[in-house]
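# Fold and contact review
Spelled out, the chains give:
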Amino acid sequence: HDFRLSARGYLGRTTLPPELAFLMANEARARPGCALLDPFCGTCSTLLSAARFGATTFGVEVDARVLQREPIRANFAAAGLPPPARLLLADAAELLPRGGAAADGKGDDGAADGDHV
């Protein structure tokens, strides 16, 4: 399949070149049976590469102007790959408790999840 940017129907201002996206997916050890989350997915270049390695992909993006689900799905279809299992419009930084998450599910400040202001 053709992964060149010029072959994609949908690009953004910060679309990652395919060579870098493939390096990142390879470094993340994307493979069949694994799930890969890109917390700043943009136009999903990294997810496209991870899907090529067989991973189930998930993405989070804060900018609604960039996270255009149908054009992104069309890029995956053109590459003959399954689209991301889920694309979430959100601020990835807000998905975790402030101060980090400990193994017991509490943040560094001892408050249980959901107790943060």
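Below, the structure is looked at part by part. (Residues numbered from 1 in each chain as written. Predicted model: local features only at pLDDT ≥ 70, side-chain atom pairs only at ≥ 80, totals over all residues. Heavy atoms only, no water.)

### Focus: the overall build of the protein chain
Defined as follows: The numbering of helices and of strands both runs from the N terminus, where a helix is a DSSP run of H or I of at least 4 residues and a strand a run of E of at least 2. For every residue, the accessible area obtained with a 1.4 Å probe (protein chains only) is divided by the maximum for its type, and the residue is called buried under 20%, exposed over 50%, and partly exposed between those limits. All accessible-area figures derive from a Shrake-Rupley calculation using a 1.4 Å probe, and residue coverage is judged against the displayed protein chains alone.
Per the secondary structure count, the protein chain includes three helices and three strands. Beginning at the N terminus, the succession of helices and strands in the protein chain can be written as α-β-α-β-α-β. Counting all 117 residues of the protein chain, 35% fall into the buried class. Element-wise, carbon and sulfur atoms account for 55% of the exposed surface of the protein chain, whose accessible area totals about 7200 Å².

### Some remarks on the packing of helix H1 (residues 18–27) against helix H2 (residues 45–52)
For any two helices packed against each other, the geometry comes down to the angle between their axes and how far apart the axes lie. The following threshold applies: Each axis is a line fitted through C-alpha atoms, taken for helices only over the stretch in contact, and angles between the N-to-C directions span 0 to 180 degrees. If an angle is under 35 degrees, it is roughly parallel; if it is over 145, roughly antiparallel; if it lies from 65 to 115, roughly perpendicular; otherwise it is oblique. By convention, the crossing between two helices is left-handed when the near helix turns anticlockwise from the far helix through less than a right angle, and right-handed when the turn is clockwise. Contact definition: two residues touch when any of their heavy atoms are within 4.5 Å. In this classification, Asp, Glu, Lys and Arg are treated as charged, Ala, Val, Leu, Ile, Met, Phe, Trp, Tyr, Cys and Pro as nonpolar, and every other residue, Gly included, as polar.
As a packed pair, H1 and H2 sit with axes 8 Å apart at the nearest point and diverge in direction by 60°. As the angle between them shows, H1 and H2 are arranged oblique. Considering how the two elements wind past one another, H1 and H2 form a crossing that is right-handed. Facing H1, whose interface residues are Pro18, Ala21, Phe22, Met24 and Ala25, H2 presents Ser45, Thr46, Ser49, Ala50 and Arg52. Across the contact of H1 with H2, the residue classes tally to six nonpolar, three polar and one charged.

### Quick word on the pattern of salt bridges
Basically, it comes down to this: When a carboxyl oxygen of Asp or Glu lies within 4 Å of a side-chain nitrogen of Lys or Arg, that pair is called a salt bridge.
A complete count under the given rule lists two salt bridges for this structure. Its salt-bridge partner being arginine 65, residue aspartate 63 comes within 3.0 Å of it at the nearest N-O pair. A salt bridge links glutamate 70 to arginine 73; the nearest nitrogen and oxygen atoms lie 2.9 Å apart. Remark: arginine 73 and glutamate 70 occur in helix H3 (residues 69–78); sequence separation between them is three residues, near one turn of the helix.

### Thoughts on the pairing of strand S1 (residues 35–38)
What counts here: Here the rule is simple: two strands pair whenever DSSP picks up at least two bridges between them.
Only one face of S1 is covered, namely the one carrying Leu36 and Asp38; the face carrying Ala35 and Leu37 has none of its residues buried. Across four bridges, the pairing between S1 and strand S2 (residues 56–61) is parallel. Each residue of the ladder has a partner; that of aspartate 38, found in S2, is glycine 59.

### Some points on H2
Most of H2 is tucked away: seven of the eight residues are buried. Of the surrounding elements, those touching the buried residues of H2 are H1, S1, S2, H3 and strand S3 (86–89). Immediately beyond the C-terminal end of H2, within one or two residues, lies glycine 54, with a positive phi of roughly 100°.

Geometric descriptors of this kind do not, in isolation, establish any biological role.
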